[in-house]
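These are the residues of each chain, in order.
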Amino acid sequence: MDFVSLRIVTTDVARLAAFYEKATDVRAVWATEDFAEVPTPHGTLALAHARTLALFAPDACRPAANESVIIEFRVPDVDRLRTTLSGAEIVAEPTTMPWGNRSCLTRDPDGNLVNFFTPVTDAAKAKYGLTATATA
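Residues numbered from 1 in each chain as written. Predicted model: local features only at pLDDT ≥ 70, side-chain atom pairs only at ≥ 80, totals over all residues. Heavy atoms only, no water.

### A word on the overall build of the protein
Part 1: The helix and strand inventory of the protein stands at three helices and eight strands.
Part 2: Mapped in sequence order, the helices and strands of the protein form the string β-α-β-β-β-β-α-β-β-β-α.
Part 3: The C-alpha radius of gyration computed for the protein amounts to 16 Å, which stays within 12% of the reference 14 Å derived for 136 residues, consistent with globular compactness.
Part 4: For the C-alpha atoms alone, the extent of the protein along its principal axes is close to 50 × 35 × 25 Å.
Part 5: Classification of the 136 residues of the protein by burial places 37% in the buried group.
Part 6: Nonlocal contacts in the protein, meaning residues at least 24 apart in sequence, comprise 48% of its contacts between residues at least 6 apart.
Part 7: Looking at the protein as shown, the accessible area adds up to about 8200 Å², and 55% of this sits on carbon and sulfur atoms.
Part 8: Looking at charge distribution, the protein has the averaged site of its 13 positive side-chain charges lying 4 Å from that of its 17 negative ones. (Helix = DSSP H or I, 4+ residues; strand = E, 2+ residues; numbered from the N terminus. Rg over C-alpha atoms; globule rule 2.2 N^0.38 Å. Buried < 20%, exposed > 50% of the residue type's maximum accessible area, 1.4 Å probe, protein only. Contact = heavy atoms within 4.5 Å. Areas by Shrake-Rupley, 256 points an atom, 1.4 Å probe, with all protein chains shown as cover. Lys, Arg positive; Asp, Glu negative; His and termini not counted. Charge placed at Lys NZ, Arg CZ, Asp CG, Glu CD.)

### With respect to the pairing of strand S8 (residues 113-119)
Part 1: In terms of burial, S8 is largely enclosed, as seven of its seven residues are buried.
Part 2: Direction of pairing for strand S7 (residues 101-107) relative to S8: antiparallel, over a ladder of seven bridges. Across the sheet, asparagine 101 pairs through a bridge with proline 119, a residue of S8.
Part 3: Counting the residues that bridge the hairpin from S7 to S8 gives five residues, and of these glycine 111 lies at a positive phi of roughly 95°. (Pairing = 2+ DSSP bridges.)

Functional significance is not addressed by these values, which are geometric in nature.
Written out as structure tokens, the structure is:
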């Protein structure tokens, strides 16, 4: 098995795509006006309009109603990224966690929790195959 993507269902794909493009510095790839993907080396963040649910099950989920999932991105410098997130809701300012990541918890425009983090301890860097002098 291979984890491929996480899909966020929204009523405004363009707004979410703009947020994730700015936060990740990765250009969204658009399939249609109702579906875009933000590809990363280890998985893809898919963004789909609620209209696309009609293809699966029309009432399967509610856009902007997430209260239990945190989307996480490893970034080279979470403190630097924090300065570029003006306008985003910051839930927790950059903080070094006991497991060695420096994390900044935010909300995207739909209210989904997003954690941007940078491994800062040698153990956290080793977990991601990073050298002691390299970062995310």
